[in-house]
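Observations on chain architecture
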Amino acid sequence: MKRTTPRRKREMQHFVTDNRRLFPFVLLFLVGVGMGVGAYLTAAAGLPDRLLALTPVGEGIAGWLTAWGEACFATVVLLGTLFLLGLWACGVPFILLVPLFHGVGLGLTEAYYYAAGMSGVAVVATLVMPVGLLSGAVLIAACAESLQLSLCLSRRLLPHGEEGGLWSRFRLYGLRFLLFLGAALAVALAEVLLRRLIL
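Remember, predicted model here, so these are calculated numbers, not experimental data. (Residues numbered from 1 in each chain as written. Predicted model: local features only at pLDDT ≥ 70, side-chain atom pairs only at ≥ 80, totals over all residues. Heavy atoms only, no water.)

With respect to helix α7 (residues 118–157)
The criterion, for reference: The way it works is that DSSP assigns letters per residue, a run of H or I at least four long becomes a helix, a run of E at least two long becomes a strand, and they are numbered from the N terminus. Given the number of residues in a helix, its expected span is that number minus one, multiplied by 1.5 Å. What the bend at a residue measures is the angle between two axes, fitted to the seven residues ending there and to the seven starting there.
Taking 1.5 Å per residue, 40 residues should reach 58 Å; α7 reaches 55 Å between its end C-alpha atoms and fits that length. Of all bends in α7, the biggest is about 45 degrees, found at Val124.

Below is the structure:
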């Protein structure tokens, strides 16, 4: 026991150190979820159902492609926004808004289905929450990458800022965002499959 405990502490310290860039975005995401739930509770009557309800998947290839496009649209748009903000030296304040915005959307959808009773709770547990957390994880990782490059560019504008190595950094940045895009498309496909089974 004495040997295991210090090792676990070191592992936890390494985990916190390696992922410290993600924690602020996780916090903002959770705050956004809380804001979304609060907004629904205070203004539920003024929110049209078509903005919050998940629609069933249509028949045929066209129905599947339409549902897939709907599922990935918001995440892909936010990923594109993050990619561009990372290329801007002043993009940091706007990068911080992305997980908050995504969290608000998830919170509104969760509150809408919770208000429907047990059937809505089942939809949240089996569809809304898993997909929301997966897409949130992709966006949080993208936020961390975008923030890192934006800070790098802003430091270069300062006197005696670092020089060189920007092209290789940009190539790695682009490759990682391609991976984020692939992950977002995969999550959207999983959402379509779940919607087909559940709704």
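So, next bit.
Re helix α8 (residues 166–198)
One full turn of an α-helix is made of 3.6 residues, so residues set three or four places apart face in the same direction. The criterion, for reference: Only protein chains enter the accessibility calculation, which uses a 1.4 Å probe; a residue whose area is less than 20% of its type maximum is buried, one above 50% is exposed, and one in between is partly exposed. By the convention used here, residues are in contact when the closest approach between their heavy atoms is within 4.5 Å.
Across its 33 residues, α8 extends 47 Å between first and last C-alpha, which sits within 8% of the 48 Å expected from 1.5 Å per residue. Within the span of α8, buried status applies to Tyr173, Gly174, Phe177, Phe180, Ala184, Val187, Ala188, Glu191, Val192 and Arg195. The elements touched by buried residues of α8 are α4 (60–86) and α7.

Section: the packing of helix α2 (residues 23–43) against helix α6 (residues 97–114)
As a reminder of what qualifies: For every element, the axis is a line fit to its C-alpha atoms; helices are fit only across the contacting stretch, and the angle between N-to-C directions ranges from 0 to 180 degrees. For classification purposes, angles smaller than 35 degrees are called roughly parallel, those larger than 145 roughly antiparallel, those between 65 and 115 roughly perpendicular, and all remaining angles oblique. By convention, the crossing between two helices is left-handed when the near helix turns anticlockwise from the far helix through less than a right angle, and right-handed when the turn is clockwise.
For the pair α2 and α6, the least separation of the axes is 6 Å and the interaxial angle reads 40 degrees. As judged from the angle between their axes, α2 and α6 are oblique. Between α2 and α6 the crossing geometry is right-handed. Residues Phe25, Leu28, Phe29, Val31, Gly32, Val33, Met35, Gly36, Val37, Ala39 and Tyr40 of α2 pack against Pro99, Leu100, His102, Gly103, Val104, Leu106, Gly107, Leu108, Glu110, Ala111 and Tyr112 of α6.

A look at a nonpolar patch on the surface
Rules: The patches described consist of residues with a relative accessible area above 30% and no salt bridge, like charges being joined within 9 Å and nonpolar side chains (Val, Leu, Ile, Met, Phe, Trp, Tyr) within 5 Å. We get accessible surface area from the Shrake-Rupley algorithm with a probe of 1.4 Å; when it comes to residues, only the shown protein chains can shield them. Any carboxyl oxygen of Asp or Glu that lies within 4 Å of a side-chain nitrogen of Lys or Arg is treated as forming a salt bridge with it.
Taken together, the side chains of Leu172, Leu175, Leu178, Leu179 and Leu181 present a nonpolar region at the surface, about 470 Å² in accessible area. Within the element layout of this structure, Leu181 appears in helix α8. For Leu181, a relative accessible area of 31% gives the class partly exposed.

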